[in-house]
Amino acid sequence: MAQSARPVVIRPAEPSDADDLARLHVAVWRATYRDYASAEAVAALDEDRRRPYWTSLLGSGDANKGAHVAVQGDTILGVVSFGPSDHEIFGGRLEIKHFYVDPTAQGQGIGRRLLRAVLEQDSNVALAVVAQNEQARAFYRMMGGVEIGTFIDPGPLWRSDNIVLAWG
(Lines give C-alpha, C1' and ligand atoms only; values in the text may rest on other atoms or scores of the structure.)
Protein backbone atom coordinates (compact mmCIF):
# COMPACT_ATOMS: atom_id res chain seq x y z
CA MET A 1 0.00 0.00 0.00
CA ALA A 2 1.40 3.41 -0.93
CA GLN A 3 2.06 5.68 2.04
CA SER A 4 -0.19 8.40 0.62
CA ALA A 5 -3.11 5.92 0.76
CA ARG A 6 -2.57 5.24 4.46
CA PRO A 7 -4.80 7.10 6.90
CA VAL A 8 -3.42 9.84 9.11
CA VAL A 9 -3.77 8.80 12.74
CA ILE A 10 -3.68 11.18 15.71
CA ARG A 11 -2.11 9.58 18.78
CA PRO A 12 -0.26 10.57 21.94
CA ALA A 13 3.42 11.16 21.28
CA GLU A 14 5.78 8.56 22.71
CA PRO A 15 9.36 8.85 23.97
CA SER A 16 10.55 7.02 20.84
CA ASP A 17 9.19 9.94 18.74
CA ALA A 18 11.69 12.46 20.16
CA ASP A 19 14.22 12.31 17.29
CA ASP A 20 11.53 12.60 14.61
CA LEU A 21 9.89 15.48 16.49
CA ALA A 22 13.19 17.33 16.77
CA ARG A 23 13.60 17.02 12.99
CA LEU A 24 10.01 18.14 12.28
CA HIS A 25 10.27 21.01 14.77
CA VAL A 26 13.43 22.39 13.17
CA ALA A 27 12.21 21.96 9.58
CA VAL A 28 8.85 23.65 10.16
CA TRP A 29 10.26 26.37 12.41
CA ARG A 30 12.94 27.28 9.87
CA ALA A 31 10.42 27.32 6.99
CA THR A 32 7.96 29.42 8.96
CA TYR A 33 10.25 31.90 10.68
CA ARG A 34 13.13 32.32 8.22
CA ASP A 35 11.63 35.66 7.11
CA TYR A 36 10.98 36.90 10.66
CA ALA A 37 13.91 35.73 12.77
CA SER A 38 17.53 36.67 12.29
CA ALA A 39 19.73 34.39 10.19
CA GLU A 40 21.68 33.63 13.36
CA ALA A 41 18.54 32.45 15.17
CA VAL A 42 17.47 30.29 12.24
CA ALA A 43 20.91 28.70 12.07
CA ALA A 44 21.08 28.20 15.85
CA LEU A 45 17.90 26.14 16.01
CA ASP A 46 18.99 22.64 15.12
CA GLU A 47 17.99 19.11 16.05
CA ASP A 48 20.60 18.86 18.80
CA ARG A 49 19.10 21.96 20.42
CA ARG A 50 15.49 20.70 20.17
CA ARG A 51 15.95 16.98 20.98
CA PRO A 52 16.35 17.54 24.77
CA TYR A 53 13.01 19.36 24.90
CA TRP A 54 11.16 16.52 23.19
CA THR A 55 12.99 13.82 25.15
CA SER A 56 12.20 15.53 28.45
CA LEU A 57 8.56 16.25 27.59
CA LEU A 58 7.79 12.76 26.34
CA GLY A 59 9.59 11.03 29.18
CA SER A 60 8.15 13.17 31.97
CA GLY A 61 5.15 11.02 32.86
CA ASP A 62 3.35 14.25 33.85
CA ALA A 63 -0.34 13.97 32.89
CA ASN A 64 -0.59 17.79 32.71
CA LYS A 65 1.77 18.02 29.77
CA GLY A 66 2.47 16.06 26.64
CA ALA A 67 1.97 16.01 22.90
CA HIS A 68 -0.15 14.52 20.17
CA VAL A 69 1.25 13.55 16.80
CA ALA A 70 -0.29 13.05 13.38
CA VAL A 71 1.22 9.93 11.86
CA GLN A 72 0.88 8.41 8.41
CA GLY A 73 2.53 5.03 8.30
CA ASP A 74 5.87 5.60 10.03
CA THR A 75 6.01 9.32 9.21
CA ILE A 76 5.12 12.03 11.71
CA LEU A 77 3.38 14.82 9.80
CA GLY A 78 2.44 17.09 12.68
CA VAL A 79 2.68 17.69 16.40
CA VAL A 80 1.03 19.76 19.10
CA SER A 81 2.61 19.94 22.55
CA PHE A 82 0.96 21.38 25.63
CA GLY A 83 1.44 22.00 29.30
CA PRO A 84 0.81 24.42 32.13
CA SER A 85 1.77 27.99 31.33
CA ASP A 86 4.16 29.98 33.46
CA HIS A 87 3.18 33.32 31.88
CA GLU A 88 0.35 35.37 33.39
CA ILE A 89 -1.03 36.40 29.99
CA PHE A 90 -2.37 32.87 29.54
CA GLY A 91 -4.67 33.35 32.53
CA GLY A 92 -4.12 29.87 33.95
CA ARG A 93 -5.11 28.16 30.72
CA LEU A 94 -3.37 25.08 29.37
CA GLU A 95 -0.74 26.41 26.94
CA ILE A 96 -0.08 24.97 23.53
CA LYS A 97 3.70 25.18 23.48
CA HIS A 98 4.44 23.98 19.93
CA PHE A 99 2.15 23.35 16.98
CA TYR A 100 3.76 22.23 13.73
CA VAL A 101 2.48 20.56 10.57
CA ASP A 102 4.89 19.56 7.83
CA PRO A 103 4.39 22.05 4.96
CA THR A 104 3.89 19.17 2.51
CA ALA A 105 0.94 17.96 4.62
CA GLN A 106 -0.76 21.32 5.25
CA GLY A 107 -4.27 21.79 3.94
CA GLN A 108 -5.27 18.18 4.70
CA GLY A 109 -7.05 18.83 8.02
CA ILE A 110 -4.14 17.64 10.15
CA GLY A 111 -3.86 20.91 12.09
CA ARG A 112 -7.59 20.90 12.82
CA ARG A 113 -7.40 17.33 14.12
CA LEU A 114 -4.36 18.05 16.30
CA LEU A 115 -5.97 21.15 17.81
CA ARG A 116 -9.19 19.24 18.48
CA ALA A 117 -7.20 16.54 20.28
CA VAL A 118 -5.96 19.15 22.77
CA LEU A 119 -9.36 20.84 23.11
CA GLU A 120 -10.94 17.46 23.88
CA GLN A 121 -8.55 17.15 26.84
CA ASP A 122 -9.08 20.69 28.11
CA SER A 123 -11.38 23.30 26.60
CA ASN A 124 -9.58 26.13 28.42
CA VAL A 125 -6.51 26.44 26.17
CA ALA A 126 -4.35 29.26 24.81
CA LEU A 127 -1.31 29.67 22.61
CA ALA A 128 1.02 32.41 21.46
CA VAL A 129 1.79 33.01 17.82
CA VAL A 130 4.32 35.39 16.27
CA ALA A 131 2.33 38.46 15.24
CA GLN A 132 3.62 38.42 11.64
CA ASN A 133 2.45 34.83 11.13
CA GLU A 134 -0.86 35.83 9.55
CA GLN A 135 -1.50 32.37 8.11
CA ALA A 136 -1.39 30.74 11.55
CA ARG A 137 -3.44 33.52 13.14
CA ALA A 138 -6.15 33.10 10.50
CA PHE A 139 -6.17 29.33 11.08
CA TYR A 140 -6.53 29.72 14.84
CA ARG A 141 -9.36 32.26 14.45
CA MET A 142 -11.11 29.91 12.01
CA MET A 143 -10.84 27.21 14.69
CA GLY A 144 -12.58 29.44 17.23
CA GLY A 145 -9.57 31.04 18.88
CA VAL A 146 -10.02 34.59 20.12
CA GLU A 147 -7.09 37.01 20.26
CA ILE A 148 -6.91 38.08 23.91
CA GLY A 149 -3.60 39.87 24.26
CA THR A 150 -0.05 40.53 23.19
CA PHE A 151 3.38 40.17 24.71
CA ILE A 152 7.02 40.23 23.72
CA ASP A 153 8.67 36.84 23.95
CA PRO A 154 12.38 37.30 24.69
CA GLY A 155 12.91 33.70 23.53
CA PRO A 156 16.11 31.78 23.75
CA LEU A 157 16.97 32.59 20.11
CA TRP A 158 15.16 35.78 19.11
CA ARG A 159 12.80 38.40 20.47
CA SER A 160 9.34 38.32 18.89
CA ASP A 161 6.01 40.14 19.15
CA ASN A 162 3.31 37.59 19.95
CA ILE A 163 -0.47 37.42 19.89
CA VAL A 164 -2.24 35.17 22.40
CA LEU A 165 -5.30 33.28 21.22
CA ALA A 166 -7.60 31.43 23.60
CA TRP A 167 -10.38 28.88 23.56
CA GLY A 168 -12.81 28.42 26.43
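Cut-offs and rules
Residues numbered from 1 in each chain as written. Predicted model: local features only at pLDDT ≥ 70, side-chain atom pairs only at ≥ 80, totals over all residues. Heavy atoms only, no water. Helix = DSSP H or I, 4+ residues; strand = E, 2+ residues; numbered from the N terminus. Buried < 20%, exposed > 50% of the residue type's maximum accessible area, 1.4 Å probe, protein only. Contact = heavy atoms within 4.5 Å. Phe/Tyr/Trp six-rings, centres within 6.5 Å; stacked < 30°, edge-to-face > 60°. Expected span 1.5 Å × (residues − 1). Arc of directions from axis to C-beta. 1 Å grid on protein atoms, 1.4 Å probe; cavity = no way out; pocket = protein on both sides within 12 Å on 5 of 7 lines; lining within 4 Å. Points joined across faces, edges and corners; volume = space filled by probe spheres on them. Nonpolar A, V, L, I, M, F, W, Y, C, P; charged D, E, K, R; others polar.

1. Some thoughts on the side chain of asparagine 133
Mapped onto the fold, asparagine 133 is located in the loop between β5 (125–130) and α5 (134–142). With relative accessibility at 9%, the residue asparagine 133 sits in the buried group. With residues near it in sequence (within four places) discarded, asparagine 133 still touches Thr32, Tyr33 and Tyr36.

2. A few points about the packing of aromatic side chains
Tallied over the full model, the rule gives ten aromatic pairs. Ring centres 4.8 Å apart and planes at 80° place the aromatic pair tyrosine 53 and tryptophan 54 in the edge-to-face group. Judged by its relative accessible area of 0%, tryptophan 54 is buried. Each member of the aromatic cluster is reached from another via a ring pair, and the members are Trp29, Tyr33, Tyr36 and Trp158.

3. With respect to helix α4 (residues 110–121)
Think of an α-helix as turning once every 3.6 residues; residues three or four places apart then point the same way. For α4, which comprises twelve residues, the first-to-last C-alpha distance of 17 Å matches the rise-based estimate of 16 Å (1.5 Å per residue) to within 8%. Inspection of α4 places Ile110, Gly111, Leu114, Leu115, Ala117 and Val118 among the buried residues, and these make up the whole buried set. Down the axis of α4, the buried side of the element spans an arc of 150°, and every buried residue falls inside it.

4. Here we look at the layout of surface pockets
Once rolled over the atoms, a probe with the size of a water molecule shows which space is left empty. By volume, the largest pocket amounts to about 1400 Å³. If you go around the largest pocket, you meet 49 residues; those closest to its centre are Tyr33, His98, Phe99, Tyr100 and Ala128. Of all elements in the fold, only α1 (18–33), α3 (47–59), β4 (94–101), α4, β5, α5, β6 (146–153) and β7 (160–167) reach the threshold of two or more residues within the lining of the largest pocket. Per element, the largest residue contribution to the lining of the largest pocket is seven residues, and it comes from β4. For the lining of the largest pocket, a count of residues per class yields 27 nonpolar, 14 polar and eight charged.

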